[in-house]
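# Examining the three-dimensional arrangement
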Protein chains: 2
Amino acid sequence: MTAEIINIGDELLIGQVVNTNASWMGAELNKAGIQVKQITSIADEASDIRKALDQAKERVDIILFSGGLGPTKDDITKKTLAEYFNSEMVFHEPSLENVKRIFSVLNFEVTEVNRLQAMVPEKCSPLLNRTGTAPGMWFEQSGKVIVSMPGVPLEMKTLMSEEVIPRLQKHFRLEAIVHKTVMTTGMGESFLAEKIKDWEDNLPSHVKLAYLPQPGIVRLRLSAKGSDKEALENELDQLLRRLEQYIPKAIFGYCDCTLEEVVGKLLKEQGKTVSTAESCTGGYIAHLITSIAGSSAYFKGSVVSYANEVKIEQLGVLQETLENHGAVSEEVVKQMAAGVRERLHTDFSVAVSGIAGPDGGTEEKPVGTTWIAIAYEGGIKAKKFHFGPQRDRNIRRAALAALNMIRQELIQENYFAL
Amino acid sequence: MTAEIINIGDELLIGQVVNTNASWMGAELNKAGIQVKQITSIADEASDIRKALDQAKERVDIILFSGGLGPTKDDITKKTLAEYFNSEMVFHEPSLENVKRIFSVLNFEVTEVNRLQAMVPEKCSPLLNRTGTAPGMWFEQSGKVIVSMPGVPLEMKTLMSEEVIPRLQKHFRLEAIVHKTVMTTGMGESFLAEKIKDWEDNLPSHVKLAYLPQPGIVRLRLSAKGSDKEALENELDQLLRRLEQYIPKAIFGYCDCTLEEVVGKLLKEQGKTVSTAESCTGGYIAHLITSIAGSSAYFKGSVVSYANEVKIEQLGVLQETLENHGAVSEEVVKQMAAGVRERLHTDFSVAVSGIAGPDGGTEEKPVGTTWIAIAYEGGIKAKKFHFGPQRDRNIRRAALAALNMIRQELIQENYFAL
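Residues numbered from 1 in each chain as written. Chains lettered and ligands numbered in written order. Predicted model: local features only at pLDDT ≥ 70, side-chain atom pairs only at ≥ 80, totals over all residues. Heavy atoms only, no water.

Let's shift gears to the packing of aromatic side chains. Residue and element names in this part refer to chain A. Under the definition given, this model contains 12 aromatic pairs over all chains. An angle of 40 degrees between the planes, with centres 6.5 Å apart, marks the rings of F348 and Y376 as tilted. Remark: Y376 occurs in strand β16 (residues 369–376) and F348 occurs in strand β15 (residues 348–354); sequence separation between them is 28 residues. Residue classification places F348 among the buried positions, given a relative accessible area of 2%. Clustering of aromatic rings is evident, with ring pairs tying together Y84, F85 and F139. (Phe/Tyr/Trp six-rings, centres within 6.5 Å; stacked < 30°, edge-to-face > 60°. Helix = DSSP H or I, 4+ residues; strand = E, 2+ residues; numbered from the N terminus. Buried < 20%, exposed > 50% of the residue type's maximum accessible area, 1.4 Å probe, protein only.)

Right, let's get into the domain arrangement of chain A. Residues and elements named next belong to chain A. Under the domain assignment, chain A is made up of domain 1 (2–171), domain 2 (176–253) and domain 3 (259–417). Spacing between the C-alpha centres of domain 1 and domain 2 amounts to 34 Å. Taken residue by residue, the interface counts 4 residues in domain 1 and 4 residues in domain 2. Both faces considered, domain 1 and domain 2 share a buried interface measuring about 330 Å² in area, 54% of it formed by carbon and sulfur atoms. On the domain 1 side of the interface with domain 2, the three residues burying the most area are N30, K31 and G33, jointly 83% of the side's total. (Domains from an automatic or database assignment. Contact = heavy atoms within 4.5 Å. Buried area = accessible area lost by both parts, 1.4 Å probe.)

With that settled, consider helix α10 (residues 229–246) of chain A. All names here are of chain A. An ideal rise of 1.5 Å per residue puts 26 Å on 18 residues; α10 measures up with 26 Å between its terminal C-alpha atoms. Of all the residues in α10, the buried ones are L232, L236, L239, L240 and L243. With its buried residues spanning 105 degrees around the axis, α10 presents them on a single face. In this structure, α10 carries E230, R241 and Q245 as exposed residues pointing more than 90 degrees from its buried face. Where α10 is buried, its residues touch β9 (176–185), α9 (197–201), β10 (207–214), β11 (217–226) and β12 (251–253). In this structure D228 caps α10, since a side-chain oxygen of it lies 3.1 Å from the backbone nitrogen of E230. (Expected span 1.5 Å × (residues − 1). Arc of directions from axis to C-beta. Polar contact = N/O pair within 3.5 Å; in protein donor to acceptor, adjacent residues only side chain to side chain.)

In this section: the state of the cysteines. Residues and elements named next belong to chain A. Per the stated rule, a full pass over the model turns up 2 disulfides over all chains. Between the sulfur atoms of C255 and its disulfide partner C257 the distance amounts to 1.9 Å. Under the relative-accessibility criterion, C257 is labelled buried at 11%. (Disulfide = S-S within 2.5 Å.)

Here we take up the interface of chain A and chain B. Each partner contributes to the interface: chain A provides 59 residues, whereas chain B provides 59 residues. Roughly 4400 Å² of surface becomes buried between chain A and chain B when both sides are summed, with 52% attributable to carbon and sulfur atoms. A per-residue breakdown of the area chain A buries against chain B is headed by A:L13, A:K300 and A:Y306, which together make up 12% of the total. Taken together, the connections running from chain A to chain B amount to 6 salt bridges. A salt bridge links B:D48 to A:K37; its shortest N-O distance comes to 3.6 Å. Summed over the shared surface of chain A and chain B, the result is 25 residue pairs in polar contact (both at pLDDT 80 or more). Taken together, the residues of the side of chain A that touches chain B sort by class into 25 nonpolar, 24 polar and 10 charged. When strand β2 (residues 35–42) of chain A meets strand β2 (residues 35–42) of chain B, the two strands line up antiparallel, connected through 5 bridges. When the bridges of β2(B) are listed, A:I39 appears paired with B:S41. (Salt bridge = Lys/Arg side-chain N within 4 Å of Asp/Glu carboxyl O. Nonpolar A, V, L, I, M, F, W, Y, C, P; charged D, E, K, R; others polar. Pairing = 2+ DSSP bridges.)

Below, the structure written as structure tokens:
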């Protein structure tokens, strides 16, 4: 089964907007077992839309449009498709009700322009758009399926997930596909691949593994195809349990989630608080933690100690420790962690001191050398990392490593509590 | 003059990579006065590449390929184009020298596979790729120009800026186009448009204005077309001087730059230091400041005081001020700014306290209500902002507003010094 994605909008062609819709749609179709042959971006022009549709029909079975369904003068897609399929326009009552519902929530009056959004070509099956006013449209012609969706990302995504993908699976009787996501941190892609080689080599042939790396994190996606969805789910769960034995410390979640979400959830569940003392990460760990709504329940604060005098005066690091060992050292980072934990009265604290670069590296301590310590009731631990030469990646990877050390400690605590 | 961008790569179709190359290329072509008619992403497949090229030739004058020029088995683009143009392969000596130079820097040996990268079809003009090993290729056929570039963003961008755009301008004798960028913050797009309406309405017809908004920042781009480049430059400079009179406080740079870069530069030039005291921004201002290499010259540190007890103990905020006025108040944010400036011994400090949301809002202080104060030798100022309901945007906009307050104060200082 093959598909083409056609994104309509002048803003894509002049580079004002990056086409994230296309990559999201491509990933969803791929997950559903549908091969994307081409992605095409064109202008809000009737002749271009017709031409693109003609050419796509020669290439693929499924054509998915997004964009050009707004209520303004750019609204050219619906009119063009109605003409293309020689179809009258009719009112779609559920979509009109939907428009009225949305406007009543916003306390706006429904104007004639808005009412017209509920009109669709007679020859399509309208797809109710519960997150916006423009309905999607599903056409069938000589065995091909042509779908038109709005370009607003939330509306397109909701329609794709709730309507388009399930209908495509039914229409083309696609095999069931089950996906499970595993989040890992602290290991690069190739190192991780080496570690789980035996497990990966023994995966059954109907199960595929994808490595999806981003700085500091590798997302693993396991996909299984078959007829019995429930059996596939169970099979993947068993495979994941086996995977965990290979990399128990690297996995931080079986979800599409961030490390700061997972750590936040653990802290909240266990009723613990945390603080940070940051040198090279410059407040980035605190920023990640506080990007989560409700983080005030477990995060008290942070001392960003970029200058040595701040390490001494605000965290109680000893001048002589700085002089004898340097700011990037096990001794200093431990004093930073102990200092912030004591002064901010938290259960846990984490401290980071490293050389983010591009300057400041030496032969003994090159750019990327980073010490991280965590302190907790009755203990303190530190670990040295080497993150490489790039400043922004160093900051990101150091912050993730720090969060992961807190996570590991929290999970261990949980074990003791059991 | 019309163009089509064709991006080659399986990773684009399965959504593993967002096609930022296409939007960057679209923006550059648009700036050069070339209209992009279509953007097409296809797989690393010879037949798909041939078909896409045939169809693009019917639509446009210029066809720009990126991707598929690596040394691995996916390297299909070059072979396909050589066959398409019935062309033998020949060695391009400057590209071979370039490969050798790059490998000697990396201390790697040049293998046969790498040597082959310097081969190009005889019928193209090779474009030397100084940031990578695969040369670009420029073909001409029946008045059309077809260019192939690597997909690695840095390599593509260097080739586009240094080779492709200048050659296109010369080949098609395009009019000169001059662009000037103005960075503004603190005003939404529509409010800004209202403020500069008179100026915009009086722009000469050969000068175009584009609004390029992002959260908290609106970038303005002024473009002028004509025959005399120098005269256009002077004309735009004069128009910008007039624009500054309409929005003197909102403009933070005449560059494609960030506010944290501009503030950092001013602090460095004036030999001043800064610290931050952050509640709702949770360390994000400190993170922005320290994302700039060399920021240790002017940034000493930060106290992230999420909990009230941290405001009291680490910043010296008075308990009774918190009780009488609440944490989000002029009084508290001023004490935070004064406290961090005194304790971290900096010339400037900035403090932020607000309700980031989604919870914590009241009728009197809805989500988005934010107080920002700056302290400096002999003075302290505070200002109230309303940023709206979205947590991530509140954090971002509050941080930008805080940086802009420091910038305004630094510029004023400069005035006094003159």
